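Summary of structural features
Residues per chain are reported as follows:
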Amino acid sequence: MLRRILRKSTASLFLLLSACGLTSRCGAPDPVDEATFNALYASPNGIPDAPLKVYHLGHSLVGPYMPMMLQQLADTGHGYNSQLGWGSPLQQHWEPDVPINGFEESNGPPAYRDAKEAMASGEYDAVVLTEAVEIRDTIKYHDPHDYLRKWAVAAWDGNPDTRVYLYETWHTLDDAEGWLERLDLDLERYWEGKILRPALAYEEVNNPIYIIPAGQVMASFVRKVEAAGGIGAIRDRTDLFDDDIHFSHFGGYLVALTHYAVLYGRSPVGLPHKMRLPDGSTADDPGPEAARVMQETVWEVVTSYPPSGVRQN
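Keep in mind that what you see is a predicted model, and the values were worked out from it rather than measured. Counting of residues starts from 1 at the beginning of each chain's written sequence and follows it residue by residue. Since the coordinates come from a predicted model, pLDDT governs what is reported: local features require at least 70, and pairs of side-chain atoms require 80 or more to be given and counted, while whole-chain, interface and lining totals use all residues. Just so you know, side-chain values use all the structure's heavy atoms and leave hydrogens and water out.

**Details of the nonpolar core**
Only buried residues count toward a nonpolar core. Its members are Ala, Val, Leu, Ile, Met, Phe, Trp, Tyr and Cys residues joined through side-chain atoms within 4.5 Å. Exposure classes here rest on a 1.4 Å probe applied to the protein chains alone. A residue is buried below 20% of its type maximum, exposed above 50%, and partly exposed in between. In terms of nonpolar packing, the biggest core is built from 94 residues, with Tyr-167, Trp-170, Ile-209 and Leu-240 touching the most fellow members. Secondary structure follows DSSP: runs of H or I at least 4 residues long count as helices, runs of E at least 2 residues long count as strands, and numbering of each begins at the N terminus. When residues of this core are assigned to their parent elements, the largest contribution, eleven residues, is made by helix α11 (residues 249-264). Contact criterion: two residues are considered in contact whenever any of their non-hydrogen atoms come within 4.5 Å of each other. Apart from the residues within four sequence positions on either side, Ile-209 is in contact with Tyr-41, Leu-148, Ala-152, Trp-156, Val-164, Tyr-165, Leu-166, Leu-196 and Leu-200.

Here it is as structure tokens:
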């Protein structure tokens, strides 16, 4: 009898761990409902009246040079620090006993600053967080809703006025479901539905977490380029990438424009398009025509998406 009870208990524990994983999924709150979610973003952010100090936490779809492009787009005085890894989920950055893949190669002066030290300092006006992709695997194995909550609360504990952002990225160009097709679906079903809305349901999350919709900007710009048969130096979607997922200088510029528009609440139309790289060299220039369409596309997307926090058209 005792042996049967133990076997039954062991089997039940195995099923529980299989269903929940080894982290905190079983304790996750239900996502906030649609009405509550929409109400959080009914009023836009105010426009900053001074240059921002920004902290970037993530992986190679942040670095190595996009934050520096953002700094060049912003007013003199914009500053930033970061902690990056290779494909690193937020969980990997948070847990002290989990190594950050590619840490030594991804972090160095002057940009690097330890993430928890940075949060505790209270020195940052904005904290930009992103999750590892493939986003489906991150949701399955790495509890992104919980770690988004943990990092957001850490930022607010350091400075209650810090604005926290979730940077929406993309997946590989050769995705079986289709690159554009997934961008059309994944924002709502994964970034909002499985990450942001559950994170917002925790009691200690008392502020909105805004979204930087870079994946949506990519999709909108690619549709314009490919419908036109190319714009300026950009012929098709592959020109935005160095491989099947990492952005080229052109793609990095587009993502930097998106960060600028969301963080500063201002149109990027008319901003410069000749950028420097961290090593002092000059980035590939998309040219005035493509840059203008990039800038207009960014503003169209962020002003039509309330969770960006940008005043709507």
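Further notes follow.
**Re the sheet that holds strand β1 (residues 53-58)**
Pairing is parallel across the open sheet formed by five strands, whose spatial order is β2-β1-β3-β4-β5. Strands with a single pairing partner mark the edges of an open sheet, and in this sheet they are β2 (79-84) and β5 (209-213). In this sheet, adjacent strand axes meet at a mean angle of 25 degrees when their direction is disregarded. As defined by bridge partners, strand β4 (residues 163-168) adjoins β5 across five bridges and the pair is classed as parallel. Among the inter-strand pairings, Leu-166 is bridged to a residue of β5, identified as Ile-211. Two strands form a pair only when DSSP identifies at least two bridges running between them. Here an axis means a line fitted to C-alpha atoms, over the contact stretch when the element is a helix, while the angle between two N-to-C directions is reported on a 0 to 180 degree scale.

**Overview of unusual backbone geometry**
Here the amide bond leading from Gly-63 into Pro-64 is cis, since omega sits at 10 degrees, within 30 degrees of zero. Relative to the elements of secondary structure, Pro-64 occurs in the loop between β1 and α3 (66-73). In the segment running from Pro-109 into Pro-110, the intervening peptide bond is cis, with an omega of 0 degrees. Along the chain, the position of Pro-110 falls in the loop between α5 (103-106) and α6 (115-121). One non-glycine residue with positive phi stands out, namely Asp-143, at about 50 degrees. With respect to the helices and strands, the residue Asp-143 is situated in the loop between α7 (135-141) and α8 (144-158).

**Quick notes on the pairing of β1**
Each regular strand carries side chains that alternate between the two faces of the sheet. Counting buried positions along β1 yields five of six residues, so the element is predominantly enclosed. Of the strand pairs in this sheet, β1 and β2 are connected by six bridges, and their pairing is parallel. Paired with Val-54 across the strands is Tyr-80, a residue of β2. A crossover gets the label right-handed when its path from the first strand over the helix to the second runs clockwise, viewed with the strands pointing away from the viewer. Between β1 and its parallel partner β2, the chain crosses via α3, and the hand of that crossover is right-handed. As judged from the four bridges shared by β1 and strand β3 (residues 126-129), these two strands associate in the parallel manner. Looking at the pairing, His-56 lines up with Val-128 of β3.

**A short note on empty space enclosed by the protein**
Space inside and on the surface of the protein is sampled on a 1 Å grid over the protein atoms alone, with a cavity defined as a set of points where a 1.4 Å probe fits but cannot get out and a pocket as an open set with protein on both sides within 12 Å along at least 5 of 7 lines; lining residues have an atom within 4 Å of a point. Grid points are joined across faces, edges and corners, and a volume is the space filled by probe spheres set on the points. For the structure shown, the criterion picks out two cavities of 30 Å³ or more. By volume, the largest cavity amounts to about 70 Å³. Around the largest cavity, the lining residues are Val-133, Ile-135, Glu-168, Thr-169, Trp-170, His-171, Arg-182, Leu-183, Asp-186, Leu-187, Trp-191 and Gln-216. Broken down by element, the residue count for the lining of the largest cavity peaks at five residues, all from helix α9 (residues 179-200). Under this grouping Gly is polar, as are all residues other than the nonpolar Ala, Val, Leu, Ile, Met, Phe, Trp, Tyr, Cys and Pro and the charged Asp, Glu, Lys and Arg. Split into classes, the residues belonging to the lining of the largest cavity amount to six nonpolar, three polar and three charged. In this model, the second largest cavity occupies a volume close to 30 Å³. As for the second largest cavity, its lining consists of Ala-118, Met-119, Gly-122, Glu-123, Tyr-124, Val-127, Ala-155, Asn-159 and Thr-162. In the lining of the second largest cavity, the residues fall into five nonpolar, three polar and one charged.

**Some details on the layout of surface pockets**
The space that makes up the largest pocket amounts to roughly 450 Å³. Along the walls of the largest pocket sit 21 residues, with Pro-64, Ser-82, Leu-84, Ser-106 and Ala-111 positioned nearest its centre. Counting residues per element, the ones that place at least two in the lining of the largest pocket are α3, β2 and α5. Top contributing element to the lining of the largest pocket by residue count: β2, with three residues. Among the residues making up the lining of the largest pocket, the classes are represented as twelve nonpolar, eight polar and one charged.

What is shown is where atoms sit, not what they do.
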